[in-house]
Amino acid sequence: MGKIYECFKKAEKPAPRDSFTDKIALVKFELDGKNYEIFFPRRRANRYSIIHCNNNTIEWEQFPVMPRITGRYHGVREPLVSLSPIKSSVRIFVVMGKPNSIAGLDEGIFRSVHKYGEDYINVMSEARFKEI
């Protein structure tokens, strides 16, 4: 496990549950002289979840498990949070669980694990976050 993940787990435990909003939680900590802000949704993603990164907004699209029963084949997009990069800290958005895909990475202000940059907003799944 990575150093950032270990510090995140230590800082997450004493953080109150209502630390940011009802949809998104925020954990802040300092490591090696850098401030980190880790945003993560309160619910877990599954194979029917797609995360969209457009402009400066992160949206969650949830497709129905049984589309014939619900009568719709498309998902419902729900905006989670609007973020912009700041110079004073490194911002990371972690999707808990295993989403189907994360769309819009490496375009604009959002970066993936493969192009990790401290001047951008890094978006990744929980499994990838454990590695950094």
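Residues numbered from 1 in each chain as written. Predicted model: local features only at pLDDT ≥ 70, side-chain atom pairs only at ≥ 80, totals over all residues. Heavy atoms only, no water.

Explain the overall build of the chain to me, please; I cannot follow it from the model alone.
For the chain, the helix and strand inventory stands at 3 helices and 9 strands. N-terminal to C-terminal, the α/β element order of the chain is α-β-β-β-β-α-β-β-β-β-β-α. Just so you have it, the chain exposes about 7,700 Å², and 50% of that area is on carbon and sulfur atoms. (Helix = DSSP H or I, 4+ residues; strand = E, 2+ residues; numbered from the N terminus. Areas by Shrake-Rupley, 256 points an atom, 1.4 Å probe, with all protein chains shown as cover.)

So what exactly am I meant to see when it comes to the sheet that holds strand β9 (residues 121-125) here?
One key point about sheets: their strands pair by backbone hydrogen bonds, in either a parallel or an antiparallel sense. Reading across the sheet, the 5 strands line up as β1-β2-β6-β9-β8 and stay open at both edges, with mixed pairing between neighbours. Unpaired on one side and paired on the other, β1 (24-31) and β8 (110-111) mark the two borders of the sheet. Relative to strand β6 (residues 89-95), strand β2 (residues 34-41) runs parallel, the two sharing 5 bridges. What sits directly across from Phe-39, in β6, is Phe-93. (Pairing = 2+ DSSP bridges.)

Can you walk me through helix α1 (residues 3-12) in this structure?
Each α-helix turn comprises 3.6 residues. Residues three or four places apart therefore point the same way. Turning to α1, its buried residues number three or more, namely Ile-4, Tyr-5, Phe-8 and Ala-11. Taken down its axis, α1 places every buried residue within 130° of arc, on the same side. The inward-facing, buried residues of α1 contact β1, β2 and α3 (126-129). (Buried < 20%, exposed > 50% of the residue type's maximum accessible area, 1.4 Å probe, protein only. Arc of directions from axis to C-beta. Contact = heavy atoms within 4.5 Å.)

Please explain the packing of aromatic side chains as it appears in this structure.
Centre-to-centre distance and the angle between the planes together describe a pair of aromatic rings. All chains considered together, the criterion is met by 5 aromatic pairs. An angle of 15° between the planes, with centres 5.4 Å apart, marks the rings of Phe-29 and Tyr-36 as stacked. Of the two residues, Phe-29 and Tyr-36, neither departs from the other in class, the shared state being buried. Above the plane of the ring of Trp-60 lies Arg-43, whose end atom (NZ or CZ) is 4.2 Å from the centre. Note that Arg-111 overlies the ring of Tyr-120, its terminal NZ or CZ placed 3.9 Å from the centroid. (Phe/Tyr/Trp six-rings, centres within 6.5 Å; stacked < 30°, edge-to-face > 60°. Lys NZ or Arg CZ within 6 Å of the ring centre and 35° of its normal.)

Hey, could you run me through the environment of Arg-43 in this one?
Residue placement: Arg-43 occurs in the loop between β2 and β3 (49-54). On the accessibility criterion, Arg-43 (38% relative accessible area) is partly exposed. Setting aside anything within four residues of it in sequence, one finds Arg-43 in contact with Trp-60, Glu-78 and Met-96.

Whenever I open this one, the pattern of salt bridges confuses me. Can you help?
Counting across every chain of the model gives 10 salt bridges. Ionic pairing is found between Glu-78 and Lys-23, a salt bridge with its closest N-O pair at 3.1 Å. Here Lys-23 lies in the loop between α1 and β1 and Glu-78 lies in strand β5 (residues 76-82), a separation of 55 residues in the sequence. Judged by its relative accessible area of 33%, Lys-23 falls in the partly exposed class. A salt bridge links Glu-131 to Arg-128; its shortest N-O distance comes to 3.9 Å. Given the relative accessible area of 57%, Glu-131 is considered exposed. In this structure Arg-128 comes out as partly exposed when scored by relative accessible area, which is 36%. Put simply, Lys-23, Arg-43 and Glu-78 are held in one network by salt bridges that share partners. (Salt bridge = Lys/Arg side-chain N within 4 Å of Asp/Glu carboxyl O.)

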